[in-house]
Each structure stands twice: as C-alpha cells, then as structure tokens.
Amino acid sequence: MKVSRIFPMILSGMMAFGMMGGVMAASAVPAYEEVAAKMENVNGTVFPIGAYNTAYAPYFTGHTFLASITKEGVPISNVTFIDEAHTFWHKHHGTCQILVAESGHGYYQIWGEEPHRLEPGTTVTIPEGVKHWHGAAPGSMFQHLSIMEPKQSSTEWLEPVDEADFQKLAGH
C-alpha cells in the first residue's frame, strides 16, 4: 500500500519537543501530508505511518510517527523517523528487539561497536539488555518495523546519541 492510500491524520499546528545537539528546542510537528510526501521520495511505505509519537518523543531526536501493525500476539510497530530523527541510547529488558528496515536509510549501533547501515530489507536482532540506538541516517527519512515480545518487557532510556558522532555518518 502506498502512502497516498493511507488515511491522513491532521497533525499540523501541533508542537513537540526534540533533543537537538543536547539542547531542548521546540519545532513544529510535520503535517501528515508532508510526511507522506517525503516518504514517497524514499520509495513510499508499505505500512501506515500512524500518529505522532508523543509518548516516546522525550527519547528521540527529531520527530517520529508510530503505527501498531498487530492487534494481538507479538507486538509489531511501524516507526517513521523524520529527517534524521533517531532514538537515544537504550536497553530492552525481558525481550530482544528485531528491526526490519522498510524504506529510506538508517543506522543502528550497539554500544562499543561501529554503526551499521540499515537499508530496506535489512533485518537485525538486538539482544536483550544490550545498549543501542537506531533511526534515520543524517539527511534521510527512514522506516522500520520494531518487533518485541510482550512478556513483561521494559525499555530503559539512557543518554542522547552524541550529535557530532551521529553527523559523522553523513555520506557513508
């Protein structure tokens, strides 16, 4: 299903906060139509973009949208990262996390390792309890599916990714 076939959500005019370079700054949440148009530039999307990711906004740089893909069983979520948005460092307790890259370009990094590029079709499993981050590449939009077991799992949110280190990924 192309973005144009997904029911738009009216989100323009909302404000959100994103951590940019270690300083909190307010920026306008992009309208659904703007996000859909940008996704078309990176080969569209198969799954719905969803709603603005308000609940987890404090743990991401930039803006993200979240759509639940499953209604029961193993939770699968589609995460849309807008213009190089990415998570803070974090750990999942009680479950591993499987990431399936869908469109655009992204990265993930496990603490102490080099960052790894995520291209559509790339699948990676982040082991339980391992410190990591993931999201769009510098200058890019990105979508991935996030799959985690529902059994008493939790996420421990840590510090933001060093913005200078993140920007070094540009052009790779």
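Description of the structure in this document. Along each chain, the written sequence defines residue order, and numbers are assigned to residues from 1. Where totals are concerned, whole chains, interfaces and linings use all residues; where local detail is concerned, this predicted model gives features only for residues with pLDDT of at least 70, and gives and counts side-chain atom pairs only at 80 or more. Computation of side-chain values covers all heavy atoms of the structure but excludes hydrogens and water.

### With respect to the overall build of the protein chain
For step 1, the next point in the chain: The helix and strand labels rest on DSSP assignments: H or I over at least four residues marks a helix, E over at least two residues marks a strand, and numbering proceeds from the N terminus. Within the protein chain, the secondary structure is distributed over two helices and 15 strands.
For step 2, the next point in the chain: Counting across all 172 residues of the protein chain, residues that qualify as buried make up 44%.
For step 3, the next point in the chain: Sequence separation of at least 24 residues holds for 69% of the intrachain contacts in the protein chain that already meet a minimum separation of 6.
For step 4, the next point in the chain: Counting only carbon and sulfur atoms, one obtains 59% of the accessible surface of the protein chain, whose full area is about 8600 Å². Using a 1.4 Å probe on the protein chains alone, a residue whose accessible area is under 20% of its type maximum counts as buried, one over 50% counts as exposed, and one in between counts as partly exposed. The criterion used for residue contact is that any of the two residues' heavy atoms lie within 4.5 Å. Values of accessible area rely on a 1.4 Å probe in the Shrake-Rupley scheme; residue burial ignores everything except the protein chains shown.

### Quick look at the side chain of Gln-109
For step 1, the next point in the chain: With respect to the helices, strands and loops of the structure, Gln-109 is situated in strand E10 (residues 106-110).
For step 2, the next point in the chain: Polar contacts involving the side chain of Gln-109 include one to the main-chain carbonyl oxygen of Glu-113, which spans 2.7 Å.
For step 3, the next point in the chain: Two N or O atoms count as a polar contact when they lie within 3.5 Å, although within protein this holds only if one can serve as hydrogen donor and the other as acceptor, and sequence-adjacent residues are included solely when both atoms are side-chain atoms. At 2.8 Å, the side chain of Gln-109 forms a polar contact with the side chain of Trp-133.
For step 4, the next point in the chain: Excluding residues that lie within four positions of it along the chain, Gln-109 makes contacts with Trp-89, Glu-114, Pro-115, Lys-131, His-132 and Trp-133.

### Concerning the sheet that holds strand E5 (residues 64-68)
For step 1, the next point in the chain: A pair of strands is labelled paired if DSSP reports no fewer than 2 bridges between them. A sheet is described by the order of its strands in space; here six strands give the open sequence E3-E5-E6-E14-E9-E12, paired in antiparallel fashion. Each end of this open sheet is capped by a strand with a single partner; those strands are strand E3 (51-52) and strand E12 (123-126).
For step 2, the next point in the chain: Note: strand E9 (residues 97-104) against strand E14 (residues 142-147), six bridges, orientation antiparallel. By the bridge assignment, Ala-101 is partnered in E14 with His-144.

### A closer look at the nonpolar core
For step 1, the next point in the chain: Phe-81, Tyr-108, Leu-118, Val-124, Ile-126 and Phe-142 are the most contacted members of the largest nonpolar core, which totals 13 residues.
For step 2, the next point in the chain: Those elements that place two or more of their residues in this core are strand E6 (76-81), E9, E10 and E12.
For step 3, the next point in the chain: With sequence-adjacent residues up to four places away left out, Phe-142 is seen in contact with Val-79, Thr-80, Phe-81, Ala-101, Ser-103, Gly-104, His-105, Gly-106, Leu-118, Gly-135 and Ala-136.
For step 4, the next point in the chain: Core analysis: the next-biggest nonpolar cluster, separate from the first, contains ten residues, Val-35, Ala-57, Ile-82 and Met-141 among them. For the purposes of this section, nonpolar cores are sets of buried Ala, Val, Leu, Ile, Met, Phe, Trp, Tyr and Cys residues that join through side-chain atoms within 4.5 Å.

### Some details on the environment of Trp-111
For step 1, the next point in the chain: Looking at the element boundaries, Trp-111 is found in the loop between E10 and strand E11 (116-118).
For step 2, the next point in the chain: For Trp-111 and Trp-133, which are 22 residues apart along the polypeptide, the C-alpha to C-alpha distance reads 8.4 Å.
For step 3, the next point in the chain: Ignoring anything within four residues of it in the chain, the contact list for Trp-111 reads Trp-89, Lys-131 and Glu-159.

### Things to note about the side chain of His-134
For step 1, the next point in the chain: Here His-134 shows up in strand E13 (residues 132-136).
For step 2, the next point in the chain: At a separation of 3.4 Å, a polar atom in the side chain of His-134 contacts the side chain of His-90.
For step 3, the next point in the chain: A polar contact is formed between the side chain of His-134 and the side chain of His-144, at a distance of 3.0 Å.
For step 4, the next point in the chain: Not counting chain neighbours up to four residues away, the residues in contact with His-134 comprise Phe-81, His-86, Thr-87, His-90, Gln-97, Leu-99, Tyr-107, Tyr-108 and His-144.

### Details of the pairing of E13
For step 1, the next point in the chain: Along E13, five of the five residues are buried, which leaves the element largely enclosed by surrounding structure.
For step 2, the next point in the chain: Note that E10 and E13 share five bridges and pair antiparallel. Note that in E13 the partner of Gly-106 across the bridge is Ala-136.

### As for the packing of aromatic side chains
For step 1, the next point in the chain: The rule is short: rings of Phe, Tyr and Trp, with Trp giving its six-membered ring, pair when the centres are within 6.5 Å, and they are stacked under 30 degrees, edge-to-face over 60, tilted in between. Under the defined criterion, the tally for this structure stands at eight aromatic pairs.
For step 2, the next point in the chain: Ring geometry for Tyr-59 against Trp-157: centres 4.8 Å apart, planes inclined by 10°, an arrangement best described as stacked. One end of the pair, Tyr-59, is in the loop between E3 and strand E4 (60-61); the other, Trp-157, is in strand E15 (residues 154-157), and 98 residues separate them in sequence.
For step 3, the next point in the chain: With a relative accessible area of 31%, Tyr-59 lands in the partly exposed category.
For step 4, the next point in the chain: Owing to a relative accessible area of 21%, Trp-157 belongs among the partly exposed residues under this scheme.
For step 5, the next point in the chain: Relative to Phe-81, the ring of Phe-60 has its centre 6.0 Å away and its plane inclined at 40°; by these criteria the two rings are tilted. Of the two residues, Phe-60 sits in strand E4 while Phe-81 sits in strand E6, which places them 21 residues apart along the sequence.
For step 6, the next point in the chain: The class for Phe-60 is buried, based on a relative accessible area of 6%.
For step 7, the next point in the chain: Following the ring pairs from residue to residue traces out a cluster consisting of Tyr-56, Tyr-59, Phe-60, Phe-81, Phe-142 and Trp-157.

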